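# Coordinate analysis (summary)
Listed below are the residues making up each chain.
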Amino acid sequence: MYDLINAIKVAKKEKKASIVLKNGNIINVFSGEIIKGDVAIYDTHIVGIGEKYEGEEEYDVSGYFISPGLIDSHIHIESTMVTIPEFARVVVPLGTTSVVIDPHEIANVLGLDGIRYMLKSSKYNPLNVFVMLPSCVPATDMETSGAELRAFDLLPFLNEDWVIGLAEVMNFPGVINLETEVLDKIRLMANKVIDGHAPGLTGYGLNAYISAGIYSDHECTTKEEAMEKLRKGMYIMIREGTVAKNLKDLISIVNEKTGRRCLFATDDRHPDDLLKEGHINYLIKKSVEYGIDPIIAIQMATINPAEYFRLYKIHRIGAIAPGYAADIVVFNNLKEFKPVLVFKNGTLVAKEGEYIYKPPIPPREIKVRSTINIKWLTVDDFKIKAKSNKIRVIGIISNQLVTKHLIEEAKIENGEVVSDTERDLIKCAVIERHFGSEDVGLGFVKGFEIKKGAIASSVAHDSHNIIVIGTNDEDMEKAVIHLRKIHGGFCVVENGKVLADLPLPIAGLMSNKPMKEVYENLLKVNEAAYSLGISIKDPFLMLSFLSLPVIPELKLTDKGLIDVNKFKFVDLFV
């Protein structure tokens, strides 16, 4: 129990500290210095920096570096495919003690219940989970989402201690064009932090967007774009996720003058990257490799997000200084940034990469309803009667989310358009899975090079309906029905047989298994997909973005094909 009088006595060395880290190289994020000395902890907070402190427990950290706990400024934990407790088990030993999440994905499936699930799951973990309320559920009206959240729906969450603002305002045209629903959410959050999401926005439009009170952006892809937003007062979140990797292109904007306006974010980071590379510690390491001063890189992961999100005021995180929470990482050096010790609120929670935290109460399972609610499917639902011999096709571009809008000659058999494996024109379907409606969108895709069978996923941004591609209707039907049986996830089918699957029963997005097991299962479904002839890297990842109707050029939702450049539905046949 934190006692103010005892805390002051410990600070003055009149009383032993709870814990002392002795003889370490203390990273001062305020002055940019590295100072050798002791860090005295009383209960949950740092109370002293200096020499010759004595503690009930003492750790000699001579030669090591003492840093504030690391902060991820923007992440969708759903993209890790595991629950928050399991995510904490993986990232806390990597030095992460706080994350700022946008539960946008699960909210598009479960609405308010999805947000509540994330809040409840965050309890009793050695990880601060700060929540930014989703601003765009649904992302568009051109797909069926599991929920629709208006400003008044978000109102009950405003008094939640861990809700700190409004997440990425993706509908920047709505801000600029004064759409009432968008502006209502911004007004509601006027006293909190509002994150931005405005790829390519410039000039007077950017001025208008920022004037609405939106002061950060994580969608910059070029130095020029980032510098314009920086000059106009925005904080720049430099993103290095699994899908979008912008660190190398943007790190040159960081220097002694601009560094304090830059933050790190992972946005979407999958199990393989977390397990193989790391989390925010990896971004710091790569930044230093690119030539950034290690102190500036650490500021980007600690005090900068703490100040931007105003976390230093109430939660007192982001620095090694008296009065700040004892969220501390002890690194081996300023090149590898390998955590040796991790403390959360003054408790040792990880040592030498091992998670050693013991929760105060036994963890309990937080349940959510089943979310795979599809119509009664038959093979006929996948059949496409030929109306002409020319069709629109989604063209995959390697390692990009944007697609091409192709016009190709259809393969027609018995009056129906079918997959053409020789020319890599493969049938694609999106099945509405939230309300069991009749909505099934049909189209074709080029770029997977699948030669047989089908693959399907219930992860399909942003509304997360079921998406499936296949060389024949029977395997496509089998794949979708199997996803219903396992309550969502990924699966691979050939000749009516399920070759591999990855169950994601929590909203069709997350597993309740350990991350390592999820990763190993993911490898198996990818290998099964490759056995069908698929050559594209991370096929389920690419599949999940074919239905995102805000990324050009041609996309498919449960409502049909969308020409994203014109933002309107188009017919499959030309």
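Cut-off values and rules
Residues numbered from 1 in each chain as written. Predicted model: local features only at pLDDT ≥ 70, side-chain atom pairs only at ≥ 80, totals over all residues. Heavy atoms only, no water. Helix = DSSP H or I, 4+ residues; strand = E, 2+ residues; numbered from the N terminus. Rg over C-alpha atoms; globule rule 2.2 N^0.38 Å. Buried < 20%, exposed > 50% of the residue type's maximum accessible area, 1.4 Å probe, protein only. Contact = heavy atoms within 4.5 Å. Areas by Shrake-Rupley, 256 points an atom, 1.4 Å probe, with all protein chains shown as cover. Lys, Arg positive; Asp, Glu negative; His and termini not counted. Charge placed at Lys NZ, Arg CZ, Asp CG, Glu CD. Core = buried A, V, L, I, M, F, W, Y, C linked by side-chain atoms within 4.5 Å. Phe/Tyr/Trp six-rings, centres within 6.5 Å; stacked < 30°, edge-to-face > 60°. Domains from an automatic or database assignment. Disulfide = S-S within 2.5 Å. Pairing = 2+ DSSP bridges. Axes fitted to C-alpha atoms, helices over the stretch in contact; angles between N-to-C directions. Salt bridge = Lys/Arg side-chain N within 4 Å of Asp/Glu carboxyl O.

Quick look at the overall build of the protein chain now. In terms of helices and strands, the protein chain carries 18 helices and 30 strands. What you see for the protein chain is a C-alpha radius of gyration of 25 Å, in line with the 25 Å of a compact globule of 574 residues. Here the C-alpha coordinates of the protein chain stretch approximately 90 × 50 × 45 Å along the principal axes. In the protein chain, which comprises 574 residues, the proportion classed as buried is 61%. Intrachain contacts of the protein chain at a sequence separation of at least 6 include 69% that bridge at least 24 residues. When the accessible surface of the protein chain is totalled, it reaches about 22,900 Å², and 49% of it is carbon and sulfur. Each charge class in the protein chain can be summarised by its mean position, and for the 67 positive and 77 negative side chains these summaries are 2 Å apart.

To continue, consider the environment of Phe-435. One can find Phe-435 in the loop between strand 22 (426-431) and strand 23 (440-446). For Phe-435, a relative accessible area of 56% puts it in the exposed group. Sequence separation between Phe-435 and Lys-375 is 60 residues; the distance between their C-alpha atoms is 8.4 Å. Filtering out sequence-adjacent residues up to four positions away, Phe-435 remains in contact with Thr-144, Ser-145, Gly-146 and Asn-373.

Attention now moves to the nonpolar core. One finds Phe-448 and Val-468 to be the most contacted residues of the largest nonpolar core, which totals 157 residues. Looking at this core element by element, the count peaks at 6 residues for helix 17 (residues 515-530). Beyond its immediate stretch of four places on either side in the chain, Phe-448 contacts Ile-396, Asp-424, Ile-469, Gly-533, Ile-534, Ser-535, Ile-536, Pro-539, Met-542, Leu-543 and Leu-546.

Note that His-270 resides in the loop between strand 13 (262-265) and helix 11 (271-276). As for His-270 and Ile-328, which are separated by 58 residues in sequence, their C-alpha atoms are 25 Å apart. Not counting residues within four places of it along the chain, the set of residues in contact with His-270 comprises Ser-79, Met-81, Thr-242 and Leu-541.

What follows covers the packing of aromatic side chains. If you walk through the whole model with that rule in mind, you get 10 aromatic pairs. A ring pair is formed by Tyr-355 and Tyr-357, whose centres lie 6.3 Å apart and whose planes are at 65°; its orientation type is edge-to-face. Across this residue pair, the class does not change: Tyr-355 and Tyr-357 are buried. With a centroid separation of 4.7 Å and 15° between ring planes, the pair formed by Phe-490 and Phe-540 is classed as stacked. One end of the pair, Phe-490, is in strand 26 (residues 489-494); the other, Phe-540, is in helix 18 (residues 539-544), with 50 residues separating them in the sequence.

Let us look at the domain arrangement of the protein chain. Each assigned domain of the protein chain is listed with its residue range as follows: domain 1 (1-67 + 318-349), domain 2 (70-315) and domain 3 (379-569). Placing the centre of domain 1 and that of domain 3 at their C-alpha centroids yields a distance of 51 Å.

Another aspect to go through is the side chain of Asn-246. Looking at the secondary structure, you find Asn-246 in the loop between strand 12 (235-239) and helix 10 (247-250). Classification of Asn-246 as buried rests on a relative accessible area of 6%. Beyond its immediate chain neighbours, meaning those up to four positions away, Asn-246 contacts Cys-220, Thr-221, Ile-238, Arg-239 and Glu-240.

What follows is about the state of the cysteines. According to the stated counting rule, one finds 0 disulfides in the structure shown. Of all cysteine sulfurs, the one in Cys-220 lies closest to Cys-262, which takes part in no disulfide; the gap is 9.6 Å. With a relative accessible area of 0%, Cys-262 lands in the buried category. Left unpaired, Cys-491 is separated from the closest cysteine sulfur, that of Cys-428, by 14 Å. Relative accessible area serves as the criterion here: at 0%, Cys-491 is assigned to the buried category.

Taken in spatial order, the 5 strands line up as 6-7-8-9-10 in an open sheet, and their pairing is parallel. The sheet terminates laterally at strand 6 (70-75) and strand 10 (193-196), the two strands that pair on one side only. Going from strand to strand, the sheet's axes swing by 25° on average, the running direction of each strand aside. Pairing between strand 6 and strand 7 (residues 96-101): 4 bridges, direction parallel.

Moving on: unusual backbone geometry. Trans is the common state for peptide bonds, and a negative phi is the common state for residues other than glycine. Cis geometry is found at the peptide bond from His-461 to Asp-462, where omega equals -5°. In this structure, the amide linkage connecting Pro-552 to the following residue, Glu-553, adopts the cis form with an omega of 5°. The residue Glu-553 is located in the loop between helix 18 and strand 28 (554-557) in this model. If you check the backbone angles, Asn-23 has positive phi at about 65° while not being a glycine. Of note, Arg-316 is a non-glycine position whose phi angle comes to about 55°, a positive value. Within the secondary structure, Arg-316 is located in the loop between helix 15 (311-314) and strand 14 (328-331).

Our next topic: the pattern of salt bridges. Opposite charge on two side chains makes pairing possible when the charged atoms of those side chains draw close. Scanning the model with the defined rule gives 28 salt bridges in all. For Arg-269, the salt bridge is made with Glu-277, and the minimal N-O distance between the two is 2.7 Å. Glu-277 sits in the partly exposed class, given a relative accessible area of 33%. Here the salt bridges share partners, and the residues they tie into one network are Glu-148, Arg-150, Glu-181 and Lys-185.

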